[in-house]
Amino acid sequence: MKQLYYDIKKCLGCKSCEIACSIAHSASGELFKALREEFLSLPRKKILSSNNKNYPISCRHCKDAKCVDACMAAALVYDKEKGMVIYDDKRCIGCWMCVMVCPYSAIRPDKKSKVPVRCDKCKDKDQPICIKACPTGAIIWQEESVNK
Amino acid sequence: MKQYVVIGNSAAGIAAVEAIRQADKESKITVVSDEDYSSYCRCLISYYLAGDIKEEKISYRPQNFYKENNIELLLNKKVTRVDPKKNRVVMADKSQLGYDSLLIATGASSKFPELKGIKKEGVFGFRTLKDAKDIAGLLPVVKSACVLGGGLIGLKAAYALKKRNIDVKVIIKSGQVLSQVLDLEAAQLVQKRLEENGIEVILGQDVAEIISDEGEIKAVKLDSGKALGVSLVVVGKGVSPNIDLIKDTAIKVNEGIISNNNLQTSVPNIYAAGDVAETFDITLSEFSVNALWPLAVEQGRIAGANMAGGNLNYEGSLGMNSLEFFGLPTVSLGLFRPKNPEGFEEIRMMDENSQIYKKLILKNNFLVGAVLAGNINNSGLFLRLIREKIEVSSFKEKLLQENFGYPDIMGLVKDKEQVYV
């Protein structure tokens, strides 16, 4: 199962990944059109800094996912085959339980569209869009390490 | 081959049978429920009543769940008695079921205050899908309703009724909405939002009597003497654990069934999880009933795994609520209002223009509670700081800042960091 890893030494905090992520998840898929959409597409990834280092934060698709436990609408489910937490927007009622329990605060509420914003690993594409967007190659897409 | 019996078919019961099946593919599992329906999302009944979701979206597991997992489901069966000496449960219809390992996940029931007229037709609790359906059935002939109690259940019922164009008054004995969940500041933001959306909130008043005529509700009389004309009453005065079935047994019970750090009761082959269980609350440092969906799932899963021979430790419960009314998200964690404020420290911010309020409660530089309204980002981190008992002095100033995040606590959490290389 492929997961996202980050080489922190290489991350400049330029937010190219955030922008690419927003555009990729917009309705139009294009920057200038995306800016005018009814629901502004929010990035599934956020760069945060601590002690002068930059850390991309996004959903880790935990196996013992707290968000799945907390989801009282069964909209979040851990898919063992795909190795990811999948989300059914038709079931979600926007209660934000998932936001409350995410141990990384990697889920944010989109208050306008009532959708929890979280990384879906760009499931319809060959690989997450943030990988190519990163100018320094800090984002790594590789098989899950065995110790996890 | 063992026989597992699980009483209750909601969050804790389902999580338990999933965990049992994962560890034990062979043994017999029987789930007993006194309700009419296959598993459903109990917390969604207000959205169903409001018309936000259809009945098929309220199911919690697919139709074939029980068959696929080889689970026997007995619906409409009420367990009236547990007999730990003979390892069996007795149903209302006198039938019996033996077990090797038993989970009591019977949940809780709506509390009805002792009040003249409370037993009349047209007075409802708001706990089950049946409640929601019964209320929905009456709505074509209802113009105005009142909700007794300003807790989460009461307010969710009020929201649903308002959404169906019913005039709603919420009558609250205390001086604020959600007094069991929020402090006054956050409660006032929620109340404002409710009132802006047409829900009338009456504080500091209680209902003295429900007045009916020829079987139909006509009014409620407040203790001030004033009468309000309504034709439907929903009672949201809290819930109490369903513990009747263990009366006169050796199973230790207080408000709920005492469930230890293995989710075991005082009888070793009987477990208790979910809203019926009284577990150790890590923020109160005492046993307490925390009837909350995420906790029920967690407890059910651990209880199930342990019933099937595992040895998982339950680290304890705490209050945690996430609610949203008319676009105002609100989260409450742990000790949001300590009984005795001495020794506690508060960090707070209020931005009235954007309707954002945040308060953190600390003791000796450990986070013990939080209230967030309007902006609930980072609530998961606050919950983690409370649960993992992480000392915050090195980043205390940053806690309520926009740029606070996981990197600030990364080196202090229990799990080893995996994704940063």
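All of these numbers come straight from a predicted model, not from anything done at the bench.

Participant: In this structure, what is going on with the overall build of chain B? I would like to understand it.
Facilitator: Looking only at helices and strands, chain B has 9 helices and 26 strands in total. Taking 2.2 N^0.38 as the reference for a compact globule, 421 residues should give roughly 22 Å; the C-alpha atoms of chain B span a radius of gyration of 23 Å, in line with that estimate. If you line up chain B on its principal axes, its C-alpha atoms span 65 × 60 × 40 Å. When contacts within chain B are restricted to residue pairs at least 6 apart in sequence, long-range pairs at least 24 apart make up 61% of them. Accessible surface computed for chain B: about 18,200 Å², of which carbon and sulfur atoms make up 47%.

Participant: Got a minute to help me understand the interface of chain B and chain A in this structure?
Facilitator: Many structure descriptions define interface size as the accessible area lost when the parts assemble. Chain B puts 51 residues into the contact, and the matching count from chain A is 42 residues. Summing the contributions of chain B and of chain A, the shared interface buries around 3,700 Å²; its carbon and sulfur component is 57%. Together, Q418(B), V419(B) and Y420(B) form the three largest contributors to the area buried by chain B at its contact with chain A, with a combined 17%. Taking the shortest distance from any N to any O, the salt bridge between R60(A) and E417(B) comes out at 3.1 Å. The interface formed by chain B and chain A contains 18 residue pairs in polar contact (both at pLDDT 80 or more). Contributions of two or more residues to the side of chain B that touches chain A are made by α7 (293-307), β22 (320-325), β23 (328-334), α8 (379-387) and α9 (406-409) of chain B.

Participant: Explanation requested: the packing of helix α1 (residues 11-23) of chain B against α7(B) in the structure shown.
Facilitator: In a pair of packed helices, the angle between the axes and the distance between the axes together describe the arrangement. Residue and element names in this part refer to chain B. Between α1 and α7, the shortest axis-to-axis distance is 7 Å and the interhelical angle comes to 35°. Here α1 and α7 pass one another in a crossing that is right-handed. Touching A11, A12, A15, A16, A19 and I20 of α1 are W293, A296, V297, G300, R301, G304, A305 and M307, all from α7. Each residue belonging to the contact of α1 with α7 can be placed in one class, and the counts come to 11 nonpolar, 2 polar and 1 charged.

Participant: How should the pattern of salt bridges be read in this particular structure?
Facilitator: Side-chain pairs of opposite charge can arise where the charged atoms are in close proximity. Residues and elements named next belong to chain B. Across all of its chains, the model carries 33 salt bridges over all chains by this definition. For K133, the salt bridge identified is with E55, shortest N-O distance 2.9 Å. Of the two residues, K133 sits in helix α4 (residues 129-138) while E55 sits in the loop between α2 (45-50) and α3 (65-68), which places them 78 residues apart along the sequence. Residue K133 is classed as partly exposed on the basis of its relative accessible area of 25%. Note that D206 and K237 form a salt bridge whose closest N and O atoms lie 3.5 Å from each other. Separated by 31 residues along the polypeptide, D206 in the loop between β12 (200-203) and β13 (207-213) and K237 in the loop between β16 (232-235) and β17 (239-241) bring together distant segments of the chain. When its relative accessible area of 26% is taken as the criterion, K237 is described as partly exposed.

Participant: What am I meant to see in α1(B) here?
Facilitator: Side chains three or four residues apart in an α-helix point the same way, a direct result of the helix having 3.6 residues per turn. Residues and elements named next belong to chain B. The end-to-end C-alpha separation of α1 is 19 Å, in line with the 18 Å expected for 13 residues at 1.5 Å each. Of all 13 residues making up α1, 10 are buried, and the element is well covered by its neighbours. Turning to α1, its buried residues number three or more, namely A11, A12, G13, I14, A15, A16, V17, A19, I20 and R21. On the buried face of α1, the contacting elements are β1 (3-7), β2 (28-32), α3, β3 (71-74), β7 (101-104) and α7.

Participant: Could you clarify how one ought to interpret the sheet that holds β3(B) in this entry?
Facilitator: The strands making up a sheet are joined through hydrogen bonds of the backbone, oriented either antiparallel or parallel. All names here are of chain B. An order of β3-β2-β1-β7-β19 is seen for the 5 strands of this open sheet, with the pairing classed as parallel. Of all strands in the sheet, those bounded by a partner on one side alone are β3 and β19 (270-272). For this sheet the average axis-to-axis angle between neighbouring strands, irrespective of direction, equals 15°. Inspection of the sheet shows β7 paired to β19 by 3 bridges, in the parallel sense. Bridge pairing in β19 links I104 to A272. Across the sheet, α7 lies against β1, β7 and β19, angled at about 170° from β7, the strand it touches most.

Participant: I tried to follow the nonpolar core on my own but got confused; where do I start?
Facilitator: The tendency in soluble globular proteins is for nonpolar side chains to be buried as a group. Residue and element names in this part refer to chain B. The biggest cluster of nonpolar side chains holds 148 residues, and the ones touching the most others in it are L161, F382 and L385. Ignoring anything within four residues of it in the chain, the contact list for L385 reads L367, I390, V392, F395, L399, F404 and I409. Residues V79, V89, M91 and I251 belong to the second largest nonpolar core, which totals 21 residues.

Participant: What is the right way to read the pairing of β23(B) from this model?
Facilitator: A regular strand carries its side chains on alternate faces of the sheet. Residues and elements named next belong to chain B. Of all 7 residues in β23, 7 are buried, a share of seventy percent or more. Across 6 bridges, β22 lies against β23 in antiparallel orientation. Across the sheet, residue L323 finds its bridge partner in β23, namely T330. Bridge count between β23 and strand β26 (residues 366-373): 5 bridges; the pairing is antiparallel. Paired with T330 across the bridge in β26 is A373.

So, how was this worked out
Residues numbered from 1 in each chain as written. Chains lettered and ligands numbered in written order. Predicted model: local features only at pLDDT ≥ 70, side-chain atom pairs only at ≥ 80, totals over all residues. Heavy atoms only, no water. Helix = DSSP H or I, 4+ residues; strand = E, 2+ residues; numbered from the N terminus. Rg over C-alpha atoms; globule rule 2.2 N^0.38 Å. Contact = heavy atoms within 4.5 Å. Areas by Shrake-Rupley, 256 points an atom, 1.4 Å probe, with all protein chains shown as cover. Buried area = accessible area lost by both parts, 1.4 Å probe. Salt bridge = Lys/Arg side-chain N within 4 Å of Asp/Glu carboxyl O. Polar contact = N/O pair within 3.5 Å; in protein donor to acceptor, adjacent residues only side chain to side chain. Axes fitted to C-alpha atoms, helices over the stretch in contact; angles between N-to-C directions. Left-handed = near helix turned anticlockwise from the far one by under 90°. Nonpolar A, V, L, I, M, F, W, Y, C, P; charged D, E, K, R; others polar. Buried < 20%, exposed > 50% of the residue type's maximum accessible area, 1.4 Å probe, protein only. Expected span 1.5 Å × (residues − 1). Pairing = 2+ DSSP bridges. Core = buried A, V, L, I, M, F, W, Y, C linked by side-chain atoms within 4.5 Å.

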